[in-house]
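One-letter residues, chain by chain:
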Amino acid sequence: MTTMAERITKKLEEALAPQRLAVIDESHQHQGHGGWREGGETHFRVDIVSDAFAGKSRVERHRMVNTILAQELTERVHALAIAAKAPGEA
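Predicted model, so just to flag it, every value in this text is computed and none were measured. (Residues numbered from 1 in each chain as written. Predicted model: local features only at pLDDT ≥ 70, side-chain atom pairs only at ≥ 80, totals over all residues. Heavy atoms only, no water.)

## Structural notes on the pairing of strand β2 (residues 43–49)
The condition that has to hold: Summary of the burial criterion: residues with accessible area below 20% of their type's maximum are buried, those above 50% are exposed, and those between are partly exposed, where the area comes from a 1.4 Å probe applied to protein chains only. We count a stretch as a helix when DSSP gives it H or I for four or more residues in a row; a strand needs E for two or more, and each element gets its number in order from the N terminus. Criterion used throughout: strands pair if DSSP finds at least two bridges between them.
Most of β2 is tucked away: 5 of the 7 residues are buried. Bridge count for strand β1 (residues 20–25) against β2 is 6 bridges, and the pairing is antiparallel. Residue pairing in the sheet places A22 in a bridge with D47 of β2. Relative to strand β3 (residues 79–85), β2 runs parallel, the two being bridged by 7 bridges. Looking across to β3, one finds that D47 is bridged to A83.

## Structural notes on the environment of Q19
Here is the rule: Between two residues, a contact is recorded if the distance between any of their heavy atoms is within 4.5 Å. Nitrogen and oxygen atoms within 3.5 Å of one another constitute a polar contact, given that in protein one can donate a hydrogen and the other can accept it, and given that sequence-neighbouring residues count only through two side-chain atoms.
Tracing the sequence through the fold places Q19 in the loop between α1 (4–16) and β1. For Q19, a relative accessible area of 46% translates into the label partly exposed. Not counting residues up to four positions away in its chain, the partners in contact with Q19 are V49, S50, D51 and P87. At 3.1 Å, the side chain of Q19 forms a polar contact with the side chain of D51.

## Remarks on the nonpolar core
Proteins that are soluble and globular tend to have nonpolar side chains buried together. We count it as follows: Throughout, nonpolar core names a set of buried Ala, Val, Leu, Ile, Met, Phe, Trp, Tyr and Cys residues whose side chains join them through atoms within 4.5 Å.
Of all hydrophobic cores here, the largest spans 16 residues; its most connected members are I8, L12, V65 and L80. Taken together, the elements giving at least two residues each to this core come down to α1, β2 and β3. Ranked by residues supplied to this core, first place goes to α1 with 4 residues.

## A few points about helix α2 (residues 58–68)
Note the threshold: By arc we mean the arc of the directions from the helix axis to the C-beta atoms, nothing more.
Turning to α2, its buried residues are R61, H62 and V65. Down the axis of α2, the sector holding all buried residues measures 95°, keeping them to one side. Opposite the packed face of α2, turned more than 90 degrees from it, sit the exposed residues R63 and T67. On its buried face, α2 is in contact with α1 and β3.

Structure, rendered in structure tokens:
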């Protein structure tokens, strides 16, 4: 069985060929809060660096990630924090 973090990782790797990617399940920090479900896999943080973000605004970058992960956001993921950068950005 594939975890949600593995699904997110696979989709982002395939679509954006990132130089760096970290997908962190932060669901345990939100237990009892809105959107949390038994079993977790509801709240994630994505830290990604990809050439695909070069020349794009922060909003455009977030839209790209959200579009790629639309199915996951509909199915189970309640919250997704995104740090999306182009190579060389601090």
